Amino acid sequence: MFRRAQIFLAMVLVVAGCSGPGGDADGGERPSEAAGAASAADAEEENLDVWLERLEVGSRELYSARDAVVEAVGLKEGDWVADIGAGTGLYTVLFAERVGASGRVLAEDIEPLFLDLINQRAADLNVDNVTAVLGREDDVTLPKSSVDVVFIADTYHYFEDREAVMRSIYEALKPGGSLILVEFDITPGEQRADYKSHVRFGKAGVISEVEFIGFKFSDAPVVVGLDENYFIRFVKPAAP
Ligand SMILES: C[S@@+](CC[C@H](N)C(=O)[O-])C[C@H]1O[C@@H](n2cnc3c(N)ncnc32)[C@H](O)[C@@H]1O
């Protein structure tokens, strides 16, 4: 679904681009250019509203069960946690509260619009322990051994190059740190509702892919309120 955001973003850039090279030599804007820039900004805002309504709505388990999910993640005061594919920042802001002023949340996404929204949310909440990080399709671009916990919700199945992304996550996690994945559960061959028809693999496949990178499966706690999604934890083995 983030593909639609990318297409939208491309449209916004096309509209915004009209006011670039064609601008007046004195730097002033023609009325039609100013209108174009304003409508692009409005459209951007509208788009984020759509995403907020889609991701932060009671009918979405990851929203309605968010407190139980955060509890299961088990963050401590002072932890550094990476929220990979942070989206609207639903979990980012909850994690920021948990880790407190001595901790930090690295909210990573490949969509700059989401990162702007997260920065805005952090500013509105007056929290300064959130850092928005622009990742790439194949690399989360986080410093080596920088985080205690990595959290990936409803995002793993979107990775275009799962092996490369997961290797970059392995590098970013401290030895002994945890990786948590929350994903739609699917049963091969099952008739799936439209909203999860894009999910291509089930829990067993994900576990074997993640273990192939070097993580060790730890546990899959039952999280109250999660019925369609599973919650699994891995650890990065401590250095020998
Ligand atoms: C369904 S949203 C989930 C957002 C958030 N984790 C939540 O559960 O509310 C998926 C997110 O993954 C992001 N994404 C897709 N591919 C990614 C990649 N390779 N690296 C980082 N983020 C990615 C999208 O931009 C989008 O924000």
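See the structure above.
Residues numbered from 1 in each chain as written. Predicted model: local features only at pLDDT ≥ 70, side-chain atom pairs only at ≥ 80, totals over all residues.

**Side note on the overall build of the protein chain**
Right, on to step 1. From N to C terminus, the protein chain includes eight helices and seven strands.
Right, on to step 2. When the 240 residues of the protein chain are sorted by exposure, 30% land in the buried category.
Right, on to step 3. Excluding contacts between residues fewer than 6 apart, the proportion of contacts in the protein chain whose partners are at least 24 apart in sequence is 70%. (Helix = DSSP H or I, 4+ residues; strand = E, 2+ residues; numbered from the N terminus. Buried ≥ 20, exposed ≤ 12 C-beta atoms within 10 Å, placed from the backbone. Contact = placed C-beta atoms within 7 Å.)

**A word on the nonpolar core**
Right, on to step 1. In terms of nonpolar packing, the biggest core is built from 49 residues, with Val-81, Val-147, Val-150 and Phe-151 touching the most fellow members.
Right, on to step 2. When sequence neighbours within four positions are dropped, the list of residues in contact with Val-150 reads Ala-82, Ile-84, Ile-169, Ala-172, Leu-173 and Leu-179. (Core = buried A, V, L, I, M, F, W, Y, C linked by C-beta atoms within 7 Å.)

**Regarding helix 5 (residues 90–99)**
Right, on to step 1. Most of helix 5 sits inside the fold, with seven of its 10 residues counted as buried.
Right, on to step 2. Where helix 5 is concerned, the buried positions are Leu-90, Tyr-91, Thr-92, Val-93, Phe-95, Ala-96 and Val-99.

**Brief notes about the sheet that holds strand 7 (residues 229–235)**
Strand-to-strand pairing in sheets goes through backbone hydrogen bonds, with the strands running parallel or antiparallel.
Right, on to step 1. Read from one edge to the other, the open sheet built from seven strands follows the order 3-2-1-4-5-7-6, with strand pairing classed as mixed. Only two strands of the sheet have a single partner each, and these edge strands are strand 3 (130–134) and strand 6 (216–219). This sheet shows a mean twist of 25° between the axes of neighbouring strands, independent of strand direction.
Right, on to step 2. In this sheet, strand 3 lies alongside strand 2 (residues 104–109) in parallel orientation, the contact comprising five bridges. Looking across to strand 3, one finds that Ala-107 is bridged to Ala-132.
Right, on to step 3. Helix 7 (residues 162–172) contacts strand 1 (80–84), strand 4 (147–153) and strand 5 (173–184) of the sheet and is inclined by roughly 140° relative to strand 5. (Pairing = 2+ DSSP bridges. Axes fitted to C-alpha atoms, helices over the stretch in contact; angles between N-to-C directions.)

**What to know about the pairing of strand 2**
Regular strands show a simple pattern: their side chains alternate between the two faces of the sheet.
Right, on to step 1. Burial of strand 2 is extensive: six of the six residues sit out of reach of the surface.
Right, on to step 2. Of the two faces of strand 2, the one carrying Arg-104, Leu-106 and Glu-108 and the one carrying Val-105, Ala-107 and Asp-109 are both buried.
Right, on to step 3. As defined by bridge partners, strand 1 adjoins strand 2 across five bridges and the pair is classed as parallel. What sits directly across from Ala-82, in strand 2, is Leu-106.
Right, on to step 4. The β-α-β motif built from strand 1, the intervening helix 5 and the parallel element strand 2 has right-handed crossover chirality.
Right, on to step 5. Remark: the strand 2/helix 6 (residues 112–124)/strand 3 crossover connection has right-handed handedness. (Right-handed = clockwise from strand over helix to strand, strands pointing away.)

**Thoughts on the environment of Ala-239**
Right, on to step 1. Topologically, Ala-239 is positioned in the segment after strand 7.
Right, on to step 2. On the neighbour-count criterion, Ala-239 (8 C-beta atoms within 10 Å) is exposed.
Right, on to step 3. Put simply, Ala-239 and Lys-174 are 65 residues apart on the chain and 9.3 Å apart in space, counted from C-alpha to C-alpha.

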